[in-house]
2 protein chains.
Amino acid sequence: MPTASVERQIESRLRDRDVRYTRGRRALIGALSSADGPKSASELFVELGMPLSSVYRSLNVLEEAGVVIPHHGARGLTRYEMAEWLAGHHHHLVCVNCGSVEDIQIPQGHETRLTSIIRDVATAASFTPTDHSLEIEGRCSRCA
Amino acid sequence: MPTASVERQIESRLRDRDVRYTRGRRALIGALSSADGPKSASELFVELGMPLSSVYRSLNVLEEAGVVIPHHGARGLTRYEMAEWLAGHHHHLVCVNCGSVEDIQIPQGHETRLTSIIRDVATAASFTPTDHSLEIEGRCSRCA
DNA sequence: TTCCTTGCAAACGATTTGCATTGGA
DNA sequence: TCCAATGCAAATCGTTTGCAAGGAA
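In this text the structure is predicted, and so the values were computed from the model without any measurement.

**Some points on the overall build of chain A**
Okay, step 1: Scanning chain A from terminus to terminus reveals six helices and six strands.
Okay, step 2: In chain A, the succession of α and β elements from N to C terminus is α-α-β-α-α-β-β-α-β-β-α-β.
Okay, step 3: Principal axes of the C-alpha set define a box for chain A whose edges measure 45 × 40 × 25 Å.
Okay, step 4: When the 144 residues of chain A are sorted by exposure, 42% land in the buried category.

**Describing the sheet that holds strand β2 (residues 68-72) of chain B**
Paired through backbone hydrogen bonds, the strands of a sheet run either parallel or antiparallel to each other.
Residue and element names in this part refer to chain B.
Okay, step 1: What the three strands build is an open sheet, ordered β1-β3-β2; its pairing is antiparallel. Of all strands in the sheet, those bounded by a partner on one side alone are β1 (39-40) and β2.
Okay, step 2: Summarising the sheet, β2 and strand β3 (residues 78-82) pair through five bridges and their orientation is antiparallel. Each residue of the ladder has a partner; that of V68, found in β3, is M82.
Okay, step 3: The strands that helix α2 (residues 23-33) touches are β1, β2 and β3; relative to β3, the one it contacts most, it runs at about 90°.

**Points about the side chain of E135 of chain B**
Residues and elements named next belong to chain B.
Okay, step 1: Position of E135 relative to the elements: it lies in strand β6 (residues 128-139).
Okay, step 2: No salt bridge is formed by the buried E135; its nearest oppositely charged neighbour, R79, is found at 9.9 Å.
Okay, step 3: Within polar-contact distance, the side chain of E135 engages the side chain of S133 at 2.9 Å.

**Some words on the relation of the copies chain A and chain B**
Okay, step 1: Placing chain A over chain B gives an RMSD of 0.2 Å and needs a rotation angle of 179°, together with 0.0 Å of translation along the axis. The relationship between the two copies is best expressed as a two-fold rotation axis.
Okay, step 2: By residue overlap, the copies meet face to face through one surface: 97% of the interface positions of chain A are interface positions in chain B.

**As for the protein's contact with DNA strand D**
Okay, step 1: Taken together, 20 residues lie near DNA strand D, and R25, S54 and R57 of chain A together with Y56 and R75 of chain B sit nearest.
Okay, step 2: Atoms of DNA strand D within 4 Å of the protein: sugar and phosphate make up 63%, bases the balance.
Okay, step 3: Side-chain polar atom of S58 of chain A to a phosphate oxygen of DNA strand D: 3.4 Å apart, as the coordinates give it.
Okay, step 4: At a separation of 3.2 Å, a phosphate oxygen of DNA strand D approaches a polar backbone atom of T78 of chain B.
Okay, step 5: Top contributing element to the surface near DNA strand D by residue count: helix α4 (residues 52-64) of chain B, with five residues.
Okay, step 6: Considering only residue class, the surface near DNA strand D consists of five nonpolar, eight polar and seven charged.

**Brief notes about the packing of helix α2 (residues 23-33) of chain A against helix α4 (residues 52-64) of chain A**
Residues and elements named next belong to chain A.
Okay, step 1: Running from N to C, α2 and α4 cross one another at 75°; their axes reach a closest spacing of 10 Å. Classed by the angle they form, the pair α2 and α4 counts as roughly perpendicular. Counted together, R25, L28, I29 and L32 of α2 and V55, S58, L59, V61 and L62 of α4 form the full contact between these two elements.
Okay, step 2: Here the residues of the contact of α2 with α4 are counted per class, giving seven nonpolar, one polar and one charged.

**Side note on the pattern of salt bridges**
Okay, step 1: Under the defined criterion, the tally for this structure stands at eight salt bridges over all chains.
Okay, step 2: For R26 of chain A, the salt bridge is made with E11 of chain A, and the minimal N-O distance between the two is 3.4 Å. Here R26 of chain A, found in helix α2, pairs with E11 of chain A, found in helix α1 (residues 4-16); they are 15 residues apart in sequence, far enough to count as distant.
Okay, step 3: Residue E11 of chain A is classed as partly exposed on the basis of its relative accessible area, which comes to 25%.
Okay, step 4: For K39 of chain B, the salt bridge identified is with E47 of chain B, shortest N-O distance 2.4 Å.
Okay, step 5: What emerges from the salt-bridge pattern is a single network uniting E7, E11 and R26 of chain A.

**Quick word on the interface of chain A and chain B**
Okay, step 1: The interface is formed by 37 residues belonging to chain A together with 36 residues belonging to chain B.
Okay, step 2: Counting the surface lost from both chain A and chain B, the interface buries some 3,000 Å², and carbon and sulfur atoms represent 70% of this.
Okay, step 3: Three residues, H72, I117 and F127 of chain A, lead the burial of chain A against chain B; their summed loss comes to 20% of the area buried on that side.
Okay, step 4: Summed over the shared surface of chain A and chain B, the result is zero salt bridges.
Okay, step 5: Across the contact surface, chain A and chain B share twelve residue pairs in polar contact (both at pLDDT 80 or more).
Okay, step 6: Among the secondary structure elements, those contributing two or more residues to the side of chain A that touches chain B are β4 (91-95), α6 (108-124) and β6 (128-139) of chain A.
Okay, step 7: For the side of chain A that touches chain B, the residue count by class is 19 nonpolar, eleven polar and seven charged.

The rules behind the values
- Residues numbered from 1 in each chain as written.
- Chains lettered and ligands numbered in written order.
- Predicted model: local features only at pLDDT ≥ 70, side-chain atom pairs only at ≥ 80, totals over all residues.
- Heavy atoms only, no water.
- Helix = DSSP H or I, 4+ residues; strand = E, 2+ residues; numbered from the N terminus.
- Buried < 20%, exposed > 50% of the residue type's maximum accessible area, 1.4 Å probe, protein only.
- Pairing = 2+ DSSP bridges.
- Contact = heavy atoms within 4.5 Å.
- Axes fitted to C-alpha atoms, helices over the stretch in contact; angles between N-to-C directions.
- Lys, Arg positive; Asp, Glu negative; His and termini not counted.
- Salt bridge = Lys/Arg side-chain N within 4 Å of Asp/Glu carboxyl O.
- Polar contact = N/O pair within 3.5 Å; in protein donor to acceptor, adjacent residues only side chain to side chain.
- Least-squares fit on C-alpha atoms with pLDDT ≥ 70 in both.
- Near = heavy atom within 4 Å.
- Nonpolar A, V, L, I, M, F, W, Y, C, P; charged D, E, K, R; others polar.
- Parallel < 35°, antiparallel > 145°, perpendicular 65-115°, else oblique.
- Buried area = accessible area lost by both parts, 1.4 Å probe.

Right, dumping it as structure tokens:
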């Protein structure tokens, strides 16, 4: 269940692009915005009981509209999560054992330091950064 | 063409694990160690003219031996690169336009700062970090 | 010689697509 | 009403695997 504000932002974004905000798409957004990490199409298929092809098609539409973003993981699995302008900037803890991905926020001070490191190295490489993510691999508390 | 030292380290690592260092595997290592970013199985297939299944099988063997590591990217494509103990620790510049991935090293001072940030946030999340990578998305110099 | 490795083709699993039908604005 | 969205099944694409033949130690 997305907050009313997020819900409104999505509605307006989709309307601007002539994309309908249908029952199925609302269900997907609901599942993704209440998750604590990215979810795969097949997880959503099981959770929502909606045809797999519809899950894939709607996720693609929502991705093109910039509402969700894909996260590519082990075994060729793609997991989706809410875009950062809706869910807030965050990083990932990737468990090398069970493959789970957990979202984390980092303290503002750290984020500032990170941004400055990125500006530095991107400039040195003639690269224009638009986004970044710190991927921390290791073992989650369950797999420790 | 890997350096003689890297070559020796790989030989010894594989010997320890009773894995043969064959012509095909040497070709893969040669291609990966002279690349400036990760390569996919199909790119290696085209570049080396070796059967796809052999490319996949050898990459899996080399991955299990800890010689190469997979990098999962857009459209479910897996790209491989030399493991960090052979190629050195580095980060990635991912072009959102052409999908290319470029390896970069960052200055020691920055790396130290990064490590301390990671230790901090992982501890707070009861996560045991084993590795990390800073993924910087944006436009490469060619696509700018 | 003895296994490990290779090649080929068939099998797989995740994702996409064609087409007829349904449904939202 | 009218075109986008959906459901189903078939097609695709990257990747894996069974099995017989070849090659390294």
